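An overview of the molecular structure
What follows is the residue order along each chain.
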Amino acid sequence: MTTEKTVTTSRSYVKPAIILSAKDYNRLSTLAHAARNRLPDLASELAEEIGRAHVLSRNEIADHFVGMNDDVEFRDDTAGRVRQVTLVYPDEADISQGKISVMTPVGTALIGLRTGHSITWKTPLGETRQLTVVSVRKLHWR
């Protein structure tokens, strides 16, 4: 049984607890570390997100938590739009197919959230944004 908690970051936003599989955690940690020189801001955001994750084995994670290669429907609460995307690693990203990279602000915000949870962050342009996960569909485990 896991206990959910919220985390207050240095940006003073309260972020919900997130859950990651051990496989996603390990691969995302490697990705964040590798990107720290090329994309320092995004790498830092991803490292912060995964650093606060509760890591579980694949069979312990409920279907309503966002992981890599999942279809995610989310609402941009700021704009009032609902979008459906597949969360992927950077080399698989293709916005025309609805595949967004975890190394984007939206991708980083989505990772590890559960259905019904919201997260608030600042965009690179300084705008405050909030999104809420509406649904998660596991496509397959990688």
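This text goes with the structure placed above it.
Remember, it's a predicted structure, so these values are computed and weren't measured experimentally.

Calculation notes
- Residues numbered from 1 in each chain as written.
- Predicted model: local features only at pLDDT ≥ 70, side-chain atom pairs only at ≥ 80, totals over all residues.
- Heavy atoms only, no water.
- Helix = DSSP H or I, 4+ residues; strand = E, 2+ residues; numbered from the N terminus.
- Expected span 1.5 Å × (residues − 1).
- Contact = heavy atoms within 4.5 Å.
- Core = buried A, V, L, I, M, F, W, Y, C linked by side-chain atoms within 4.5 Å.
- Buried < 20%, exposed > 50% of the residue type's maximum accessible area, 1.4 Å probe, protein only.
- Pairing = 2+ DSSP bridges.
- Arc of directions from axis to C-beta.
- Salt bridge = Lys/Arg side-chain N within 4 Å of Asp/Glu carboxyl O.

**So, helix H1 (residues 22–35)**
Taking 1.5 Å of rise per residue, the 14 residues of H1 would be expected to cover 20 Å, and the 20 Å separating its terminal C-alpha atoms lies within 8% of that figure. Where H1 is buried, its residues meet strand S3 (18–21) and helix H2 (40–51).

**Considering unusual backbone geometry**
Positive phi values are uncommon outside glycine, yet Asn69 reaches one of about 70°. Note on placement: Asn69 falls in the loop between strand S4 (53–56) and strand S5 (70–76).

**Thoughts on the nonpolar core**
Core analysis: the biggest nonpolar cluster contains 29 residues, and Leu28, Leu46, Val102, Leu110 and Leu131 have the highest contact counts within it. Only S3, H1, H2, S5, strand S6 (81–88), helix H3 (105–110), strand S8 (118–122) and strand S9 (128–138) provide two or more residues apiece to this core. Sort the elements by how many residues they give to this core and H1 lands first, with 4 residues. Contacts of Leu131, omitting those with residues within four sequence positions, involve Phe74, Arg75, Asp76, Asp77, Val106, Ala109, Leu110, Leu113, His117, Ser118, Ile119 and Trp121.

**What about the pairing of S8?**
Here 5 bridges tie S8 to S9, and the two strands are oriented antiparallel to one another. Following the sheet pairing, Thr120 is matched in S9 by Gln130. The loop that links S8 with its antiparallel partner S9 comprises 5 residues; one of these, Gly126, has a positive phi angle of about 90°.

**Some remarks on the pairing of S6**
Summarising the sheet, S5 and S6 pair through 6 bridges and their orientation is antiparallel. Each bridged residue has a counterpart across the sheet, and for Val72 the counterpart in S6 is Val85. Between S5 and S6, which pair antiparallel in sequence order, lie 4 residues; one of them, Gly80, sits at a positive phi of approximately 75°. For S6 and strand S7 (residues 99–101), the ladder comprises 3 bridges, and the chain directions are parallel. Residue pairing for S7: Leu87 is matched across the bridge by Ile100.

**Side note on H2**
Over its 12 residues, H2 extends 16 Å from the first C-alpha to the last, a length consistent with the 16 Å expected when each residue adds 1.5 Å. The complete set of buried residues in H2 reads Ala43, Glu45, Leu46, Glu49 and Ile50. Within H2, the buried residues cover an arc of 160° as seen down the axis, which keeps them to one side. With respect to the buried face of H2, the exposed residues turned more than 90 degrees away are Asp41 and Gly51. Along its buried surface, H2 packs onto strand S2 (14–16), S3, H1, S4, H3 and S8.

**Details of the pattern of salt bridges**
Evaluated as defined, the whole model comprises 6 salt bridges. Its salt-bridge partner being Arg52, residue Glu49 comes within 2.8 Å of it at the nearest N-O pair. Per residue, the accessibility class of Glu49 equals that of Arg52, and both read buried. Linking Asp70 and Lys138 is a salt bridge whose minimum nitrogen-to-oxygen distance equals 2.8 Å. With Asp70 in strand S5 and Lys138 in strand S9, this pair connects stretches of sequence that are 68 residues apart. Exposure class is identical for Asp70 and Lys138. Each is buried.

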